[in-house]
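Close look at the chain arrangement
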Amino acid sequence: PHNGKSRLINCKGLGTCGTCAVEIYDNKAQSIGADSYTPAVVPTERTTKEKLRLNFPPHGSEDQSPSLRLACQVQVEGDITVKKRTGFWGQDTDGKLADEYNAE
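Notes on the structure in this doc start here. (Residues numbered from 1 in each chain as written. Predicted model: local features only at pLDDT ≥ 70, side-chain atom pairs only at ≥ 80, totals over all residues. Heavy atoms only, no water.)

Some words on a nonpolar patch on the surface
Judged by side-chain polarity, Leu8, Ile9 and Phe88 come together as a nonpolar surface patch covering roughly 300 Å² of accessible area. In this structure, Phe88 sits in the segment after β5 (80-83). By relative accessible area, which is 35% here, Phe88 ends up partly exposed. (Patch = residues over 30% accessible without salt bridge, like charges linked within 9 Å, V, L, I, M, F, W, Y side chains within 5 Å. Areas by Shrake-Rupley, 256 points an atom, 1.4 Å probe, with all protein chains shown as cover. Salt bridge = Lys/Arg side-chain N within 4 Å of Asp/Glu carboxyl O. Helix = DSSP H or I, 4+ residues; strand = E, 2+ residues; numbered from the N terminus. Buried < 20%, exposed > 50% of the residue type's maximum accessible area, 1.4 Å probe, protein only.)

Things to note about the pattern of salt bridges
All told, the structure shown has 1 salt bridge when counted by the stated rule. Here Glu50 ties to Arg69 by a salt bridge, and the two come within 2.8 Å at their closest N and O atoms. Of this pair, Glu50 sits in helix α2 (residues 48-54) while Arg69 sits in strand β3 (residues 68-70), placing them 19 residues apart in sequence. A relative accessible area of 0% places Glu50 in the buried class. On the accessibility criterion, Arg69 (7% relative accessible area) is buried.

Here you go:
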């Protein structure tokens, strides 16, 4: 799910365009703490590709969420909450979320 016409220029999962940037929250970790559980998203830390792309405009702002990830670079293995921001690149931090997308 991309915002607007960004679906036309996306990198098809290579982690270079940044149009799939989303905030990912591990629901299980939030409810039981970070002690001895299986992470819902792997890798649990940003990949090198993510670090490079998310530190480059328009994502590289000081108010960037630490939960911001590139959806194409993670594998979901548990219960998560995903928030997609507005803006062509999903970069807006004004609190607005993109239109709801039902993956079912």
